[in-house]
Amino acid sequence: MKYAIVILDGASGEPLECFGGRTTLEAANTPYLDALARVGTVGLAHNVPEGLEPSSNIACTSICGYDPALYPIGRGALEGAALGIELADDEVALRLNLTHVSDEGIMVSYSTNNISLEDGRALLSELAAALDDDVFTLHAGTGFRGILVVKGHNALLETSFPAAHNMTDEAVADYVATGPEVELIADYCARAKAVLSASPTNKRRAQEGKMVATDVFAFWPGARPAGMESFSSLYDDIKAGMLSGVDLLNGIARLASIDTYSFEGVTDGSDNDYFAQGQGALAMLAECDLVFIHVEAPDAEGHDGNAEGKKAAIEAIDKDIISQLSAYAADAEKPELRILALPDHPTPVATKRHTKDPVPFLLVGPGIESNKAQRLTEAEATATGLVVASGHKLMQAVLA
């Protein structure tokens, strides 16, 4: 038996007027997912335990089969792990975003309009050259994302920082960090703003008519991760692989001793080559028992408030990834295949923010019975009455 877990990041949401009161999942044309739903089991999964933040590190840790309440690893440390950053005991890693804030103090873009990998790294390199010292070390991640390592200030772990993507279209002054060491990070961000204002990369981008990065925001502090039990030891020697265009998922994989894969064209945005990602998944199935295929685009479009873009991303996943997995499952010469498809959390287009609401899931394959659902949507999943109260337990159902 082989297993494929497709994470449609942020794909679920709330009814939208532009779609006649339907959610994006309901409005999307998804014939391959629909066909699987009719012969599989559809239900709701709570991937975010009560009291925890509805972020992808929590929800995706659940999907990977780990109880996030037992592994309270800050996202900064998780993404740092994907970059190979080894934190010392007196170091804390924070996620850092390149953003565009208007002259009036409004968060226009938490990602500098999803800045390219090349320009993001160029800006982060300028910041590192100007600001790195005995306390601060900045590492470039993917696109607008960086990892800021702070030495000698472990009290940052007790500080709550607002996430940049939660400020979209609102005054950043309304979002206040609380706890120790707030001023330390505020001072760093103020100095970074001065560097960005004189940045050669920003100057070129402005001449090209592109959005410039005006500010940085640091949040999600995390310390050196404690030892996470390997996926294979937790799940009966199952060999797993991860395919994602974002550092977070690769960080979770690294800590769980899950092999990470990379294929040309697989990115963290709407420019993702979905067909190449589907082809990559098939190649991974030749080497692994279980593969995680994580697609970031629906979440990115949700954060941007782009309903049509989010719908298009869901349709592309169906057309170019689910279709290939379905063909694999129907091939009598291939090993049997079970497929689990689900979002990690909702990212409603109207609010542009994650919620902790349960998400619809679809499980299909040998030994899985139909529970009469027709589609992978919020309403269909609710109507089945099937609820998995702890999302990390879905892995047991996949492998049972």
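Residues numbered from 1 in each chain as written. Predicted model: local features only at pLDDT ≥ 70, side-chain atom pairs only at ≥ 80, totals over all residues. Heavy atoms only, no water.

**A closer look at the sheet that holds strand β10 (residues 290–295)**
Point 1. In spatial order, the strands read β9-β8-β10-β1-β11-β12-β2-β13; together these eight strands make up an open sheet with mixed pairing. Two strands close off the open sheet at either side, each with one partner strand: β9 (259–261) and β13 (387–388).
Point 2. With six bridges joining them, strand β1 (residues 2–8) and β10 adopt parallel strand pairing. The residue bridging Ile-5 from the neighbouring strand is Phe-292, located in β10.
Point 3. Across the sheet, helix α2 (residues 31–39) is in contact with β1, β2 (41–45), β11 (337–342) and β12 (359–364); its angle to β12 comes to roughly 70°.
Point 4. Sitting on the sheet, helix α10 (residues 274–285) is in contact with β1, β8 (240–243), β9, β10 and β11, with an inclination near 165° to β10. (Pairing = 2+ DSSP bridges. Helix = DSSP H or I, 4+ residues; strand = E, 2+ residues; numbered from the N terminus. Contact = heavy atoms within 4.5 Å. Axes fitted to C-alpha atoms, helices over the stretch in contact; angles between N-to-C directions.)

**Quick notes on the environment of Gly-146**
Point 1. Its location among the elements puts Gly-146 in strand β6 (residues 145–151).
Point 2. The spatial distance from the C-alpha of Gly-146 to the C-alpha of Val-216 is 9.6 Å, given a sequence separation of 70 residues.
Point 3. Ignoring sequence-local partners within four residues, the contact set of Gly-146 consists of Leu-94, Arg-95, Leu-96, Leu-124, His-139 and Gly-141.

**Side note on the packing of aromatic side chains**
Point 1. Applying the stated criterion across every chain yields a total of seven aromatic pairs.
Point 2. Here Tyr-66 and Tyr-71 contribute two aromatic rings whose centre-to-centre distance is 5.5 Å and whose plane-to-plane angle is 85°, an arrangement assigned as edge-to-face. The pair Tyr-66 / Tyr-71 is uniform in exposure class, with both members buried.
Point 3. Seen in terms of ring centroids, Tyr-261 and Phe-263 are 6.4 Å apart; in terms of plane orientation they differ by 5°. Their pairing is stacked.
Point 4. A residue is classified by how much of its surface remains accessible, and Tyr-261, at 16% relative accessible area, is buried. (Phe/Tyr/Trp six-rings, centres within 6.5 Å; stacked < 30°, edge-to-face > 60°. Buried < 20%, exposed > 50% of the residue type's maximum accessible area, 1.4 Å probe, protein only.)

**Things to note about the packing of helix α3 (residues 56–63) against helix α9 (residues 247–255)**
Point 1. In the contact formed by α3 and α9, the axes pass within 10 Å of each other and the chain directions differ by 45°. Of the possible angle classes, the one that applies to α3 and α9 is oblique. Here the hand of the crossing between α3 and α9 comes out right-handed. Here Ser-56, Asn-57, Cys-60 and Thr-61 of α3 lie close against α9, whose contacting residues are Leu-248, Leu-249 and Ile-252. (Parallel < 35°, antiparallel > 145°, perpendicular 65-115°, else oblique. Left-handed = near helix turned anticlockwise from the far one by under 90°.)

**Thoughts on empty space enclosed by the protein**
Point 1. With the rule as written, the count across this model stands at one cavity of 30 Å³ or more.
Point 2. Roughly 40 Å³ of volume is contained in the largest cavity.
Point 3. In terms of lining residues, the largest cavity is bounded by Leu-25, Thr-30, Leu-33, Asp-34, Arg-375, Leu-376 and Thr-377.
Point 4. A per-class count over the lining of the largest cavity returns three nonpolar, two polar and two charged. (1 Å grid on protein atoms, 1.4 Å probe; cavity = no way out; pocket = protein on both sides within 12 Å on 5 of 7 lines; lining within 4 Å. Points joined across faces, edges and corners; volume = space filled by probe spheres on them. Nonpolar A, V, L, I, M, F, W, Y, C, P; charged D, E, K, R; others polar.)

**Concerning the pairing of β6**
Two faces belong to every sheet, and in a regular strand the side chains alternate between them.
Point 1. The buried fraction of β6 amounts to six of the seven residues, a majority that puts the element mostly inside the structure.
Point 2. By the bridge criterion, seven bridges tie strand β3 (residues 91–101) to β6 in an arrangement that is antiparallel. In the sheet register, Leu-94 faces β6, and the bridge partner there is Leu-148.
Point 3. Note: strand β5 (residues 136–140) against β6, five bridges, orientation antiparallel. Bridge pairing in β6 links Leu-138 to Leu-148.
Point 4. The hairpin turn running from β5 into β6, its antiparallel successor, is four residues long, and Gly-143 in that turn takes a positive phi close to 60°.

**Remarks on unusual backbone geometry**
Point 1. Backbone geometry places Asn-114, a non-glycine residue, at a positive phi of 50°.
Point 2. Along the chain, Asn-114 falls in the loop between β4 (107–109) and α5 (117–131).
Point 3. One non-glycine residue, Lys-352, adopts positive backbone phi at about 60°.
Point 4. Owing to a relative accessible area of 15%, Lys-352 belongs among the buried residues under this scheme.

Nothing here speaks to function; it is geometry throughout.
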